[in-house]
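Geometric and topological summary
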Amino acid sequence: ATAQIRIDPAGPEYMPLANAAAPVVDNTYYETEYAELRSTDLAKRVIEALRLYDDPRLRPAAQVDGIVATARVIVARFGLLQSRSVTSSDRMTKDDRAQGLVGTYLRGLTIVPVERSRLVNITFASPSADLSAEIANAHAREFIKMTVQARSDFYAGAQQFLEARLTEIKKR
C-alpha cells in the first residue's frame, strides 16, 4: 500500500512584495526530509500510534527449529519442568516490544521521491493489505505531525529570542 505526501520547504508567512522571489532550496533539504521519513524515531512513533506491538499481523511468526527449540517444545508440552511464577523482569514492556518491531517495520517501509517533484511515495509491504494501508497512511500522518511540531518549536524559540531582544532594546 502507498501513501503520497508533498514536502514543501518552510517559508516566511509574510514577505514584502519586493522580496517575493521563489526561495532557493538545495537538495540537502529534501535529502534530510527523506532521511527523517526513514528514521527509527518516526518508525517508533507509528508503532506507538497504531499499537503495532500488540498487532499479530506485523509480528514475525515464531519459528521452531533445531534440537534445542524442539526439546523446549516437548518439555513445555508435557510439563516436565516445574512451573514457576512469571516475574516482572520476564515480561516485556510495550517499549521493549515496540523497539523489537522497528527492524521489521523498517524492512517493510520504502520511501521513494517522485522525480522532478516535491512528492514522496511512502509504501509499506506486509502480508496484510489492510495493515499495509494503515501503516503507510499513519507513517505519512506522523511525519506531518513531526514536521509541524518541529516548525512550531522553531518559531517558539525565535519568538522567545526576539522578545528578549526587544526587552533589551526597550531598557536602553
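Residues numbered from 1 in each chain as written. Predicted model: local features only at pLDDT ≥ 70, side-chain atom pairs only at ≥ 80, totals over all residues. Heavy atoms only, no water.

**Side note on the overall build of the chain**
- Within the chain, the secondary structure is distributed over 5 helices and 3 strands.
- Written out in order from the N terminus, the α and β elements of the chain read β-α-α-α-α-β-β-α.
- Out of the 172 residues belonging to the chain, those deemed buried represent 23%.
- Accessible surface computed for the chain: about 12,600 Å², of which carbon and sulfur atoms make up 55%. (Helix = DSSP H or I, 4+ residues; strand = E, 2+ residues; numbered from the N terminus. Buried < 20%, exposed > 50% of the residue type's maximum accessible area, 1.4 Å probe, protein only. Areas by Shrake-Rupley, 256 points an atom, 1.4 Å probe, with all protein chains shown as cover.)

**So, helix H2 (residues 40–50)**
- All of the buried residues in H2 are Leu42, Ala43, Val46 and Ile47. All buried residues of H2 project into a common sector of 140° when viewed along the axis, lining one side.
- Of the residues flanking the end of H2, it is Arg51, one or two places downstream, whose phi is positive at about 55°. (Arc of directions from axis to C-beta.)

**A few points about the nonpolar core**
- Counting residues in hydrophobic clusters, the biggest one holds 28 residues, and the most contacted among them are Ile5, Ile7, Leu37, Leu52 and Tyr105.
- Among the elements that take part in this core, helix H5 (residues 129–171) stands out by supplying 7 residues, more than any other.
- The contacts of Ile7, once residues within four sequence positions are left out, are Tyr29, Tyr30, Glu33, Tyr34, Leu37, Arg118, Val120 and Phe143. (Core = buried A, V, L, I, M, F, W, Y, C linked by side-chain atoms within 4.5 Å. Contact = heavy atoms within 4.5 Å.)

**Here we look at the packing of helix H1 (residues 27–37) against H5**
- Their axes nearest at 11 Å, the elements H1 and H5 cross at an angle of 125°. Overall, the two elements H1 and H5 adopt an arrangement that is oblique. The hand of the H1/H5 crossing is right-handed. Side by side, H1 and H5 meet where Tyr29, Glu33, Glu36 and Leu37 of the first sit next to His139, Phe143, Met146, Thr147 and Arg151 of the second.
- Here the contact of H1 with H5 is built from residues that sort into 4 nonpolar, 2 polar and 3 charged. (Axes fitted to C-alpha atoms, helices over the stretch in contact; angles between N-to-C directions. Parallel < 35°, antiparallel > 145°, perpendicular 65-115°, else oblique. Left-handed = near helix turned anticlockwise from the far one by under 90°. Nonpolar A, V, L, I, M, F, W, Y, C, P; charged D, E, K, R; others polar.)

**Structural notes on the pairing of strand S3 (residues 119–124)**
- Of the two faces of S3, the one lined by Val120, Ile122 and Phe124 is fully buried and the one lined by Leu119, Asn121 and Thr123 carries no buried residue.
- Pairing analysis gives 5 bridges linking strand S1 (residues 2–6) to S3, with the strands arranged antiparallel. Pairing of Gln4 across the sheet is with Asn121, part of S3.
- Hairpin connection, strand S2 (residues 109–113) to S3: the antiparallel pair is bridged by 5 residues, and Arg116 has positive phi, about 50°. (Pairing = 2+ DSSP bridges.)

**Here's the deal with the confidence of the model for the chain**
- For the chain, per-residue confidence averages 81 on the pLDDT scale, and residues scoring 70 or more make up 70% of the total.
- No element of the chain has a lower mean pLDDT than helix H3 (residues 66–78), which averages 58, and none a higher one than S3, which averages 98.
- In the predicted structure, residues 83–90 sits below a pLDDT of 50 and forms 3 contacts with residues beyond four places in sequence or in another chain. (pLDDT = per-residue confidence, 0-100.)

**Focus: H5**
- Compared with an ideal rise of 1.5 Å per residue, which puts 43 residues at 63 Å, H5 spans 63 Å between its outermost C-alpha atoms and is within 8% of the ideal.
- Among the residues making up H5, those that are buried are Leu131, Ser132, Ile135, Ala136, Ala138, His139, Ala140, Glu142, Phe143, Met146 and Thr147. (Expected span 1.5 Å × (residues − 1).)

**With respect to unusual backbone geometry**
- A positive phi angle is found at Arg51, which is not glycine, with a value near 55°.
- Mapping Arg51 onto the fold places it in the loop between H2 and H3.
- Although it is not a glycine, Arg116 sits at a positive phi angle of roughly 50°.
- Tracing the backbone through its elements, the reader meets Arg116 in the loop between S2 and S3.
- According to the relative accessible area criterion, Arg116 is exposed, its value standing at 85%.

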